[in-house]
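Chains, contacts and geometry: an overview
Given next are the chains, with one letter for each unit.
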Amino acid sequence: MHVRRMLGLALATLAFAGISATASFTADAATPQVSWGDCKYGHGYPVKHSNGYWYCQGGTYDGQRIYGTTGY
């Protein structure tokens, strides 16, 4: 009886961890990001927001976060 309970707990823990990892990956993948070059090529310009991240303002990629090196 004790072995069954431990096995059930282990399986539930693994299932929960799998769901958490999937949800985290989905949230990261859903965040659209563009490069500095793509932002400028799409007729936008980089703007640094108060949260410390750079975003593309205007153009094709308006509102999308910019990844890569800063200071262009």
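Refer to the preceding data block for the structure.
An account of the accompanying structure is given in this report. All figures in this text were calculated on a predicted structure; none of them were measured in a lab. (Residues numbered from 1 in each chain as written. Predicted model: local features only at pLDDT ≥ 70, side-chain atom pairs only at ≥ 80, totals over all residues. Heavy atoms only, no water.)

**What to know about unusual backbone geometry**
Phi is positive for His43, which is not a glycine, with a value near 70°. Considering the arrangement of structural elements, one finds His43 in the loop between α2 (36–41) and β2 (45–48). (Helix = DSSP H or I, 4+ residues; strand = E, 2+ residues; numbered from the N terminus.)

**Considering the state of the cysteines**
In total, this model carries 1 disulfide according to the counting rule given. With its sulfur 2.1 Å from that of its partner, Cys39 forms a disulfide with Cys56. One quick way to see it: the torsion about the S-S bond of Cys39 and Cys56 is about 90°, and its sign makes the bridge right-handed. Taken together, the residues span a long stretch of sequence, with Cys39 in helix α2 and Cys56 in strand β3 (residues 54–57) at a distance of 17 residues. Cys56 matches Cys39 in its accessibility class, with the two residues each being buried. (Disulfide = S-S within 2.5 Å. Buried < 20%, exposed > 50% of the residue type's maximum accessible area, 1.4 Å probe, protein only.)

**Digging into the packing of aromatic side chains**
Aromatic ring pairs: the centre-centre distance and the angle between the two ring planes describe each pair. Scanning the model with the defined rule gives 1 aromatic pair in all. Note that Arg65 overlies the ring of Tyr53, its terminal NZ or CZ placed 3.8 Å from the centroid. (Phe/Tyr/Trp six-rings, centres within 6.5 Å; stacked < 30°, edge-to-face > 60°. Lys NZ or Arg CZ within 6 Å of the ring centre and 35° of its normal.)

**Overview of the environment of Asp62**
Tracing the backbone shows Asp62 in the loop between β3 and β4 (65–66). Separated by 19 residues in sequence, Asp62 and His43 have C-alpha atoms that sit 9.3 Å apart. Apart from the residues within four sequence positions on either side, Asp62 is in contact with Cys56 and Gln57. At 2.7 Å, the side chain of Asp62 and the backbone nitrogen of Gly58 are in polar contact. (Contact = heavy atoms within 4.5 Å. Polar contact = N/O pair within 3.5 Å; in protein donor to acceptor, adjacent residues only side chain to side chain.)

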